[in-house]
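# Descriptive structure summary
Here is what each chain is made of, one letter per residue.
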Amino acid sequence: MTLHSPKIGALRPVIRQLDEAAINRIAAGEVVERPASAVKELVENALDAGARRIAVDIADGGKTLIRVTDDGCGMTAADLPLALSRHATSKIDGSDLLDIRSFGFRGEALPSLAAVGRLSITSRVEGDEGAQIAVSAGRVEPVRPAALGAGTVVELRDLFFATPARLKFLRTDRAETQAIAEVVRRLALAEPEVGFTLSDLSSGEPRILFRAEPEGGDLFDALHRRVARVLGADFAENALRIDVAREGLRLQGYAALPTYSRGSSVAQFLFVNGRPVLDRMLLGALRAGYMDVLSRDRYPAAVLNLICDPQRVDVNVHPAKAEVRFREAGEVRGLIVSSLRHALAGAGHRASTTVAGETLEAFRAEPAAYPGARIYQMDRPSAAAVARSFAFQAPQPAMPGLAEAPAARVEEPPAETAEDRPLGAARAQIHGNWIVAQTATGMVIVDQHAAHERLVYEKLKRQRDGAGIARQALLIPEIVELSPSDAARLLEAAEELSGLGLVIEAFGGGAVAVREVPAILGQVQAAPLLRDILDDLADLGSSDRLQARMDAVLSRMACHGSVRSGRALRAEEMNALLREMEATPLSGQCNHGRPTHVELKLADIERLFGRR
């Protein structure tokens, strides 16, 4: 069957040299995908110029106006025409493309933007006169004097007016505005010492969409305040500090508790030497760090910056510089995974404070069933009225039989109290599954089955790791046919897989022989397992599939071996469970990522009942 190919005409195709305008428009297609891409390039230029305050103004989702104002070093009148030339940059000298320490380095952004929109640049160097240059669809106007304080203003109007077909592929103004806000938020997290402002001028009056003042002081203090500003106080309150260095690599930032998980990856912010990236290997390592504490439909939240020698990472592998390639990818992944697991283990029984907030919200009264319905609201008495009321209700010493106020609680022996412990002292068990404990500042409600399941699971893992992973030799090795390239990739990981109990060998061509499997998995279908591992290796560079399957078996064993719902516990058993939770890492969530306990502060309970 022969099909007509539209790529080949009747005449022999002739190779032509494209003109500069066509070259710039092609480059713009790679660099400027949408208005958010233009904002990213311009803000990164401002950061490279040493700006400490950056203001971004947009209109109609960035389609009609993008203006970036900074207080950086600025450019001279002689620099402006050169800045609009392709591959002209002040950030590298071209001698070593593996020693890049700035956001930009290709010199493509400004000429690409000038090729598809109306661009003007106004700039002034401290101690020099200001100057302005304008470009419209690639036509450059002469440089002229301009009034401006030190810094630069880049204004881009009518994006893609020179290529109107591109406008049809843009989304709504609201969606484009959200994409721009996301870019600014990511860069604000990368540079906490820089102030950012994002304003929408679509309606004529400026509307502030985002503002973050420059943060000073210690790096972690500044980052913590910036994280609270960008991601909210809840994230900052439930985030663990990460600062680990190993073999010339350093990981810094904050990672949220497992119980502060999200339904998507919107709260994952990864940086390499301060550069925001969306790299699959890094995202996979982040996921692997939480592998044992989150279910598959939940996503961790984190702000992490990997610092390394620029020679060890190649940032010139993606048109938008969103992906990177590491010289020692395995060491990078190992650092991220181990740092996260160590931090999560150090958190012990701690659970997210948002769990308590959601619990209190569930306790609140529902709104009125119909408009105008009266809702009972207790009047708040004055302090004097409260004092008079207490005095009136107090027993009179002269009255016989009322020498002491009546009590409605069980007195505990004063010798040793557990209320000062983090999870307090058990006071009751309700509905055969919930332990109610009293702490010094409130109360704790514990899911006894979920809590004990986690404790048994951690104990089983310690036993497995201490004794080593038992292998089961197959009487007849299972032969799995793969493509030669897949077989080679799998055999490269043979040593790592052997440490997990899976022994494989080459069997000629693309065949792989499976000789031993982890005993805990029982009967294994080797072919699907190897193909799943191959998918992980191709996508992430490594695979946790085997480890996850063994952990899943231990998790099922823990579920069946833990305290069942409905079992009545004595006071000493409940307190023993609480003490073991306090001493066991990761006991704040069950094997599926759900919280094992909820802590309610006394002040919140009093507020719930209108006593505050």
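In this numbering scheme, every chain counts its residues from 1 along its sequence in written order. For a predicted model such as this one, the threshold for reporting local features is a pLDDT of at least 70, and the threshold for listing and counting side-chain atom pairs is 80 or more; totals across whole chains, interfaces and linings nevertheless cover every residue. Calculated side-chain values reflect all of the structure's heavy atoms, with hydrogen atoms and water omitted.

### Thoughts on unusual backbone geometry
Not every positive phi belongs to a glycine, and Asn273 is a case in point at roughly 55°. Within the element layout of this structure, Asn273 appears in the loop between β12 (268-272) and β13 (275-277). Phi at Leu586 is positive, roughly 65°, even though this residue is not glycine. Helix and strand assignments follow DSSP, with helices taken as H or I runs no shorter than four residues and strands as E runs no shorter than two, numbered in order from the N terminus. Tracing the chain through its elements places Leu586 in the loop between α18 (571-583) and β23 (597-601).

### Description of the nonpolar core
Take the buried residues of types Ala, Val, Leu, Ile, Met, Phe, Trp, Tyr and Cys, join any two whose side-chain atoms come within 4.5 Å, and each joined set is a nonpolar core. Note on classification: 1.4 Å probe, protein chains only; a residue is buried when its accessible area is under 20% of the maximum for its type, exposed when over 50%, partly exposed between these limits. Residues Val43, Ile54, Ile121, Phe196 and Phe235 are the most contacted members of the largest nonpolar core, which totals 63 residues. Here the element with the most residues in this core is helix α6 (residues 173-190); it accounts for 9 residues. Leu240, Val272, Val277 and Met281 belong to the second-largest nonpolar core, a separate cluster that totals 35 residues.

### Some details on the sheet that holds strand β18 (residues 434-438)
Paired through backbone hydrogen bonds, the strands of a sheet run either parallel or antiparallel to each other. Between any two strands, pairing holds if DSSP finds at least two bridges. Reading across from one edge, β17-β18-β19-β23 is the order of the 4 strands in this open sheet, with antiparallel pairing throughout. The sheet is open, and its two edges are formed by β17 (425-430) and β23, each paired on a single side. Adjacent strand axes in the sheet meet at a mean angle of 20°, parallel and antiparallel pairs treated alike. Against the sheet, helix α13 (residues 448-467) contacts β17, β18 and β19 (442-447), and its axis sits at roughly 70° relative to β19. Relative to β17, α18 is tilted by about 120°, and along the sheet it contacts β17, β18, β19 and β23. Note on geometry: axes are C-alpha line fits, over the in-contact stretch for helices, and angles between N-to-C directions span 0 to 180 degrees. It only takes one pair of heavy atoms within 4.5 Å for two residues to be counted as in contact.

### Structural notes on α18
By definition here, a helix of n residues has an expected span of 1.5 Å times n minus one. Under the 1.5 Å per step criterion, the end-to-end length of α18 is 19 Å for 13 residues, consistent within 8% with the ideal 18 Å. Contacts from the buried residues of α18 go to β17, β18, β19, α13 and β23.

### Some points on the environment of Arg275
Within the fold, Arg275 resides in strand β13. On the basis of relative accessible area, Arg275 is assigned to the buried category, the value being 6%. With 40 residues separating them along the chain, Arg275 and Val315 place their C-alpha atoms 9.3 Å apart.

### Comments concerning the state of the cysteines
For this text, the term disulfide refers to a pair of cysteine sulfurs within 2.5 Å. Per the stated rule, a full pass over the model turns up 0 disulfides. Residue Cys559 stays outside any disulfide, its sulfur separated by 9.4 Å from that of Cys590, the closest cysteine.

### Some thoughts on helix α17 (residues 545-561)
Compared with the 24 Å implied by 1.5 Å per residue over 17 residues, the 24 Å span of α17 between its first and last C-alpha is a close match. For α17, the full list of buried residues reads Leu546, Gln547, Met550, Asp551, Val553, Leu554, Ser555 and Ala558.

### Quick word on the environment of Ser202
Tracing the backbone shows Ser202 in the loop between β8 (195-200) and β9 (207-212). Between the C-alpha atoms of Ser202 and Leu65, which are 137 residues apart in sequence, the distance is 8.9 Å. Beyond its immediate stretch of four places on either side in the chain, Ser202 contacts Ile58, Ala59 and Asp60. Here a polar contact means two N or O atoms within 3.5 Å. Within protein one must be a hydrogen donor candidate and the other an acceptor candidate, and residues neighboring in sequence count only if both atoms are side-chain atoms. Separated by 2.6 Å, the side chains of Ser202 and Asp200 make a polar contact.

### Things to note about the packing of α6 against helix α7 (residues 219-231)
Two numbers describe how α6 lies on α7: the axes approach to 9 Å, and their chain directions differ by 165°. In terms of orientation, α6 lies roughly antiparallel with respect to α7. Between α6 and α7 lies a crossing of left-handed hand. Along the contact surface, α6 presents Arg185, Ala188 and Leu189, while α7 presents Leu223, Arg226, Val227, Val230 and Leu231. Relative orientations are named as follows: roughly parallel for angles under 35 degrees, roughly antiparallel for angles over 145 degrees, roughly perpendicular for angles from 65 to 115 degrees, and oblique for any other angle. Note on convention: near helix rotated counterclockwise from far helix by under a right angle means a left-handed crossing. Clockwise means right-handed.

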